[in-house]
Amino acid sequence: MSLDARAIYVTALRNTHAVEMQALQIMERQIERLQHYPEMEEALRRHVEETHGQRQRLEDALSSLAESPSTLKEGFLGFVGNLMALGHVPAQDEILKNAYANHAFENFEIAAYESLLVIADAAGQGGHTTGFRQSLREEEAMAARVRELVAPTTRRYLDLTLAGDKADR
Ligand SMILES: [Fe+2]
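Residues numbered from 1 in each chain as written. Predicted model: local features only at pLDDT ≥ 70, side-chain atom pairs only at ≥ 80, totals over all residues. Heavy atoms only, no water.

Participant: I tried to follow the overall build of the protein chain on my own but got confused; where do I start?
Facilitator: From N to C terminus, the protein chain includes five helices and zero strands. The N-to-C order of helical and strand elements in the protein chain reads α-α-α-α-α. For the protein chain, the residues scored as buried account for 42% of the 169 residues in total. Roughly 8,700 Å² of accessible area belongs to the protein chain as shown, and the carbon and sulfur atoms make up 55% of that amount. (Helix = DSSP H or I, 4+ residues; strand = E, 2+ residues; numbered from the N terminus. Buried < 20%, exposed > 50% of the residue type's maximum accessible area, 1.4 Å probe, protein only. Areas by Shrake-Rupley, 256 points an atom, 1.4 Å probe, with all protein chains shown as cover.)

Participant: Looking at this model, I keep getting lost on the pattern of salt bridges. Mind explaining?
Facilitator: Side chains that carry opposite charge are capable of pairing whenever their charged atoms lie near each other. If you walk through the whole model with that rule in mind, you get 12 salt bridges. Notably, a salt bridge pairs D93 with K97, separated by 3.3 Å at the nearest N-O pair. Residue class for D93 comes out partly exposed when judged on its relative accessible area of 25%. Residue K97 is classed as partly exposed on the basis of its relative accessible area, which comes to 27%. A salt bridge links K166 to D168; its shortest N-O distance comes to 3.8 Å. Overall, K166 belongs to the exposed group, its relative accessible area being 53%. (Salt bridge = Lys/Arg side-chain N within 4 Å of Asp/Glu carboxyl O.)

In structure tokens:
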């Protein structure tokens, strides 16, 4: 059985949608817990808003093809889940692990959208790419912001920890 470009595209849309749903969970979990890192919290809150728009673009593309998002947890998500499992274990350096994982996650999403754009074109759905380019720019901006925050976050972590305070989140 050979896959046609449309089937490949539908799978790519579902995978990317699953990634965005996972992104929302991961970010919301961090936002709930963050106390000492307001810049990270603000970046996450803003990106949660953007991510709802990204999710909607993917859902719109799927419904234009009379398809719907997958409800299955796929192997694809397993990879991301493992990456983010880092953030599950409460530890004094939880904030550092989350900062690294957020950086990795945004870059993962950048690759997913670069790939989706190529697949959309191959499937003759170039009309969808304007929205996905917007999503890609948002992921790039968030990746850059998270990277910018790694050093100041680490400095605050050090200051709090060396003063004997809790610094984990
Ligand atoms: Fe993102």
